[in-house]
Each structure stands twice: as structure tokens, then as C-alpha cells.
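Spelled out from the first residue to the last, the chains are:
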Amino acid sequence: MKKIVCGAGAALVLILGACGGDDDGAFRPSTEDGGSTDDGGGDDGLRIEYVEAIAASVTGQDSPFADLADSEAECLGAAYVDAIGVDELEAKVTPQEIRDQPESDHRDWGITITDEQGTDIYRALIDCSPAAEEAIVTGLASGFTEGFTGEMGDDAFEVDEACLADADAADLDGFMGAAIAQGDDFVPSGEQGQALLDWFGECADLRGAFLSVFTAEAGLPEGTVDCVDAAVDDRMVDEFWQLAFTSGGDDSTVESSPVIQELTGIVNGCVAETGG
């Protein structure tokens, strides 16, 4: 069970690379003339170089955004540059270095951005390109399942990507903003984890997914699985996935969690009852 919980959190370290901006006026990129309401200092020609370098990295080979139109990629690049600022970029990385290392991002360049700046970047992903939103949805759906399908097969459970695509992208502002800003160090807060859980819950059978991954790892026979299904209520399922999204893979957090202890007791009781 601990492996399942830790795996879920690890699988949700997201797909995002260098993109950016926001939709409320704080940063308003223009790809027509290279202008910006906030270029963070530096000359306009240098800003354009950074925009073009980041746009190229966004659409590079194996990127989830490889199919974006040039104008969409430049929109993302402009917003990302404006969120960080040309002066900050110039002090840490050159446009050519960005082109040479397309998988790098602000963390690799020694630049720290806030969760709020990350939210600006996420909003720009949505504003600049519907295809970018689709890539995010696909990445989230894949991240939710990939930690388990290797051992259990691709049919372990499914996420309805079309349903997620119709969900309100703004519901994930806080989660995605922090994920972009913090990268591999991101561990969702309880509020962020709940937002993701609510978002997924509309489009995935989280109870079925829980039973599938939880009982398969334990190797329980069908009769014991039915016993666990009858004994576990929706509150336990929600708390399990909340733990999966927010534990950060920390063993002590998982092992000491009341819901894990409660679920373990249920399984042990069902095994004793059914002889599983």
C-alpha cells in the first residue's frame, strides 16, 4: 500500500517545461512586434532572442507541446520571458544555452520563481493555445495512471481525457502554478491536493481505481476484495488519494497516516473473515 501511495505522488510530477504568462493584465505578451507591457529590463532585441529560444525549446522533439503552431509557441515563450524578466534571464543564461539544452528550465538556470509567477505561466498555457491545454490534460491523465499500469496492465483503470478537457482549467491554477514554480521539489498542499482530487473525481472512477491498485498489490482473492469494497467508505477513498497526492513519497507520512492504518485494519479483518 505504501508503494501505491508514494507512486501516485511521484507520477504527478508534471510534464511542464518552459512556457508562461497570465490572463489578467499583469503580463500581456505580443508576438507581432516583440513588445511587452513588462520586459523586466533589457533591450527589446534581447527579449526577442529569449522568446524565440524558449519557443524553440517548447516545441522541441519529444516535447508534449511539439505540435504547437509557431505563433502559439512564441506566445508561450513571450509570457515566460515576461514573467521572469529579461534582466534576470540575462544574468543566468543565454538564449543559445536555452537552445542547446531544450529540456532545461528556470530551476536549471538558477532562477527561482514564485508560485504566483507559476500561475501566470500556467494561465498563459491555456490562453495561448487550446492544444497546450490538451497536452496538459493528457499529461495529467497519464501521470495519474503510469505509476500503476506497468505492473497491472493498461486496463487497470482509465481517466476520461475528454471529460477533463471540458473541466474548468482555472480550478487547477494553484496546483499547476506551484508545480511549474517548484518542479521536482513540488509537494502539493492539502488544498492543492484536494483541488486535483476534485478535478479528477469528475472524470475518473477514483473508488474503482483505489480498489484496483490497492487490492492487486496485496494479491487479494475476489471474495476478499468484495469484503474490502463493502467495508471501505467514500471518505476513506478520498483520504487515500489525498494522501497519495500530498505525501511527497515520504515513508513516515504514509506509514503514520490514520487512513492507511484504518485501511490496513479493514484488509486484515477481511482476510481473516474470508480466508483470503
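Criteria and thresholds
- Residues numbered from 1 in each chain as written.
- Predicted model: local features only at pLDDT ≥ 70, side-chain atom pairs only at ≥ 80, totals over all residues.
- Heavy atoms only, no water.
- 1 Å grid on protein atoms, 1.4 Å probe; cavity = no way out; pocket = protein on both sides within 12 Å on 5 of 7 lines; lining within 4 Å.
- Points joined across faces, edges and corners; volume = space filled by probe spheres on them.
- Helix = DSSP H or I, 4+ residues; strand = E, 2+ residues; numbered from the N terminus.
- Axes fitted to C-alpha atoms, helices over the stretch in contact; angles between N-to-C directions.
- Parallel < 35°, antiparallel > 145°, perpendicular 65-115°, else oblique.
- Left-handed = near helix turned anticlockwise from the far one by under 90°.
- Contact = heavy atoms within 4.5 Å.
- Nonpolar A, V, L, I, M, F, W, Y, C, P; charged D, E, K, R; others polar.

**Student:** Is there a simple way to think about empty space enclosed by the protein in this case?
**Tutor:** Summary: where empty space remains is shown by rolling a probe the size of a single water molecule over the atoms. Under the counting rule described, the total for this entry stands at 1 cavity of 30 Å³ or more. Here the largest cavity is characterised by a volume of approximately 40 Å³. Forming the walls of the largest cavity are Tyr122, Ile126, Glu133, Ile136, Val137, Leu164, Ala167, Ala169 and Trp199. Sorting the residues of the lining of the largest cavity by element identifies helix 6 (115-128) and helix 7 (130-152) as the ones contributing at least two each.

**Student:** How do you make sense of the packing of helix 12 (residues 222-231) against helix 15 (residues 258-274) when you look at a structure like this?
**Tutor:** When two helices pack together, their arrangement is given by the angle between their axes and by how far apart the axes lie. It is the contact of helix 12 with helix 15, at a shortest axis distance of 9 Å, that shows an interaxial angle of 135°. Taken together, the axes of helix 12 and helix 15 lie oblique to each other. Judged by the sense of rotation from one axis to the other, the crossing of helix 12 with helix 15 is right-handed. Across the interface between the two elements, Gly223, Thr224, Cys227, Val228 and Ala231 of helix 12 pack against Ile266, Val267, Cys270, Val271, Glu273 and Thr274 of helix 15. Of the residues in the contact of helix 12 with helix 15, the class split is 7 nonpolar, 3 polar and 1 charged.

It is worth stressing that arrangement in space is one thing and function is another; only the former is reported here.
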